[in-house]
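Chain by chain, the residues:
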Amino acid sequence: MRSIVKTLSFGVKNFKQKEKEENESGKSATIINEQGDFQIDGDSDNDNEEETLKGPIKILSDDGTKKKKNKKRKAEKEENRGAENDEEVDKKLDKLMGTVRRANRIFIWGDDVPHPILRFEDVAMPKHLSEHLNETKIADPSPIQMQAIPLMLQRRNVLASAPTGSGKTLAFVIPVVKEITRLKKLKKYSAGDKLLVIVLEPTRELATQTFNEFSKYAGPNIRVACFNDESTVPDAEVLVSTPNRLVYHIKDLNTKFLRWLIVDESDRLFEVIEGQEKCFRNQLATVYRACTGKFTRRAFFSATFSYEVETWCKENIDNVGMVCIGERNSSNTNVKQELQYCGSEDGKRMAIKTLLKTKFSPPALVFVQSKERAAQLVQFLSGIDEKLRVDSISSEKSDKQRDATMEAFRKGQLWVLVCTELLGRGLDLSNVNLVINYDIPTSIVSYIHRIGRTGRAGKVGRAVTYFSEDDLKYIRPIATVIRQAGFEVPDYLLTLKKVSRNEKQHLLKHAPRRQKIAFVRSREIKKKRRSWLPNLKKK
Ligand SMILES: Nc1ncnc2c1ncn2[C@@H]1O[C@H](COP(=O)(O)OP(=O)(O)OP(=O)(O)O)[C@@H](O)[C@H]1O
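The model shown is predicted, which means the values in this text are computed figures rather than measured ones.

Draft legend 1. Region of the structure containing the packing of aromatic side chains. Inspection of every chain in the model, using the stated rule, returns seven aromatic pairs. Judged by centre distance (5.2 Å) and plane angle (55°), the ring pair of Phe172 and Phe301 falls under tilted. On the criterion of sequence distance, the pair formed by Phe172 in helix 7 (residues 168-183) and Phe301 in strand 9 (residues 297-302) is long-range, its members being 129 residues apart. Each member of the pair, Phe172 as well as Phe301, carries the same accessibility label: buried. Taking the centre distance of 6.1 Å and the plane angle of 80° together, the rings of Tyr438 and Tyr466 count as edge-to-face. Of this pair, Tyr438 sits in the loop between strand 15 (434-437) and helix 17 (444-451) while Tyr466 sits in strand 16 (residues 461-468), and the two are 28 residues apart along the sequence. Relative accessible area serves as the criterion here: at 0%, Tyr438 is assigned to the buried category. Through pairs of rings, three or more aromatic residues link up here, namely Phe172, Phe214 and Phe301. Positioned over the ring face of Tyr189 is Lys194, at 6.0 Å from the centre of the ring.

Structure representation (structure tokens):
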């Protein structure tokens, strides 16, 4: 069994010794090649081995006594038995890995998908990486990390999907940092002047977050940059950017040595907006076309992905390994989900007032359908309690304002952050206790991402979704997702008329018209914000 666990652990740690052992026994196992890439050992050696086993038995000359012949036959027999045993061990191992995958709800697609890892030690981590994992008390890989890390280390193109807050970022950061660390030992890469990795994120906030995460795990020897405010492409080995900024400078990029193009929130970046030249899909296409180097691999990550993205990847990218954790496009079951009927816009105002005054433990994220409504809700909430620290964030605000608000929210200076779809995806605000969908999300995908801002990294969270009489025609899909996650919804919601494709499309493009939440007096909001964010003006 020890040998099974060793093989399970890819033997990376004990590679040299293991390799010696395997060479001696002629066993087949997963090892790392010179380049540090995973490969199946024995592809070539096994051929030799078979030849030896099948080939004619050599007849010994003058010293070929019967005794010696018998000894040799016995040895050959044992060798044969050894090979059979190895086959059995492989079968048992595959079976065991099947059980591991089922237990962790890991679904795979593709040829020769490597076994999942069970511990981080199963891959030889650069020192800085393992130290940082220890510091952050991240002990065991999450299911997406168990499968995506070995896939990426095998240098496969990857399509990965796992629930919100399940550690997808580390699932690509770990193999990439490991690969760059290895490359940098080679003279060609030691100067650190080659662009090796591009990570695409749909928003500035997400790009900043991923940049911070990457920098922590990469350590001081890998040059990571976020392409946010600079007017020229920063000199870096890892570049995190929004597609918009990257496309603008695409001609300045040298992608010849690029090892990875990582598309985070990939389904979002596949979105097409009719009539908009600058939509994500077109921008992604431009970046994609610029990243076709010989060594470039692509990895697509998201909590949700459409069949369209999947089909595209399978048809257009060679050697794809696909991994999906749990059911596709399902919500995070660590989030306790509630649907609350409020009748009208007035009812919604009453509901949020009651919630924040009674059962509220901050911080909370509140989603509305537009930046105008975000400002209105801040005005309304500020009015119900002077002490309530509330602000909003939307694309209307300057980059500086957005950064300051995010920082205040992360530090706990802000208790309620009202936001638009801008913050719906990817942000890891680990302490958010409550998500309120003040205006219903316009799709299931949006619902899954929004409520995924709470209940992250195995913690529990709560999400409340308000709906009014006017929303009844759109609510059924959301009610279905909530029921599928195991939470209560009134039966009648599941028997409502199905939302037609046209209605869905319409809702995506035009949010429902709603009565105003409050009249905004912007001067008052600014005054209130300044009182608890004294540094904001300085910034
Ligand atoms: N193996 C792990 N064990 C415990 N915590 C982890 C592990 N891996 C990552 N985390 C933590 O989980 C949190 C969420 O991770 P991350 O932001 O990567 O989630 P995600 O899957 O990308 O979510 P989303 O789909 O919302 O973008 C982070 O704070 C991260 O540090």
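Draft legend 2. How the structure looks around the UniProt feature "domain: Helicase C-terminal" (unreviewed entry) in the chain. Taken from the UniProt record, the annotation "domain: Helicase C-terminal" (unreviewed entry) applies to residues 334-497. With 40% helix and 20% strand, residues 334-497 has end C-alpha atoms that lie 29 Å from one another.

Draft legend 3. Focus on the nonpolar core. Ranked by internal contacts, the top residues of the largest apolar core, which has 49 residues, are Met152, Val197, Phe214, Ile262 and Phe301. Per element, the largest residue contribution to this core is nine residues, and it comes from helix 7. Apart from the residues within four sequence positions on either side, Val197 is in contact with Val176, Ile180, Glu237, Val238, Leu239, Leu258, Trp260 and Ile262. One finds Leu423, Phe467, Ile482 and Val489 within the second-largest nonpolar core, a separate group that totals 36 residues.

Draft legend 4. Focus on the site of the ligand. Not every one of the 21 residues close to the ligand is listed here, only the nearest: Asp140, Gly165, Lys168, Thr169 and Asp428. In this structure, Gln145 approaches the ligand through a side-chain N or O atom, which is 2.8 Å from a nitrogen atom. Interatomic distance of 2.7 Å between a side-chain N/O atom of Thr169 and an oxygen atom of the ligand. Expressed as a share of its isolated accessible area of 650 Å², the protein-covered part of the ligand is 86%. Per-element accounting of the shell around the ligand gives the leading share, three residues, to helix 7.

Thresholds applied
Residues numbered from 1 in each chain as written. Predicted model: local features only at pLDDT ≥ 70, side-chain atom pairs only at ≥ 80, totals over all residues. Heavy atoms only, no water. Phe/Tyr/Trp six-rings, centres within 6.5 Å; stacked < 30°, edge-to-face > 60°. Helix = DSSP H or I, 4+ residues; strand = E, 2+ residues; numbered from the N terminus. Buried < 20%, exposed > 50% of the residue type's maximum accessible area, 1.4 Å probe, protein only. Lys NZ or Arg CZ within 6 Å of the ring centre and 35° of its normal. UniProt positions renumbered as here; feature names shortened; annotations may be inferred. Core = buried A, V, L, I, M, F, W, Y, C linked by side-chain atoms within 4.5 Å. Contact = heavy atoms within 4.5 Å. Near = heavy atom within 4 Å. Polar contact = N/O pair within 3.5 Å; in protein donor to acceptor, adjacent residues only side chain to side chain. Areas by Shrake-Rupley, 256 points an atom, 1.4 Å probe, with all protein chains shown as cover.

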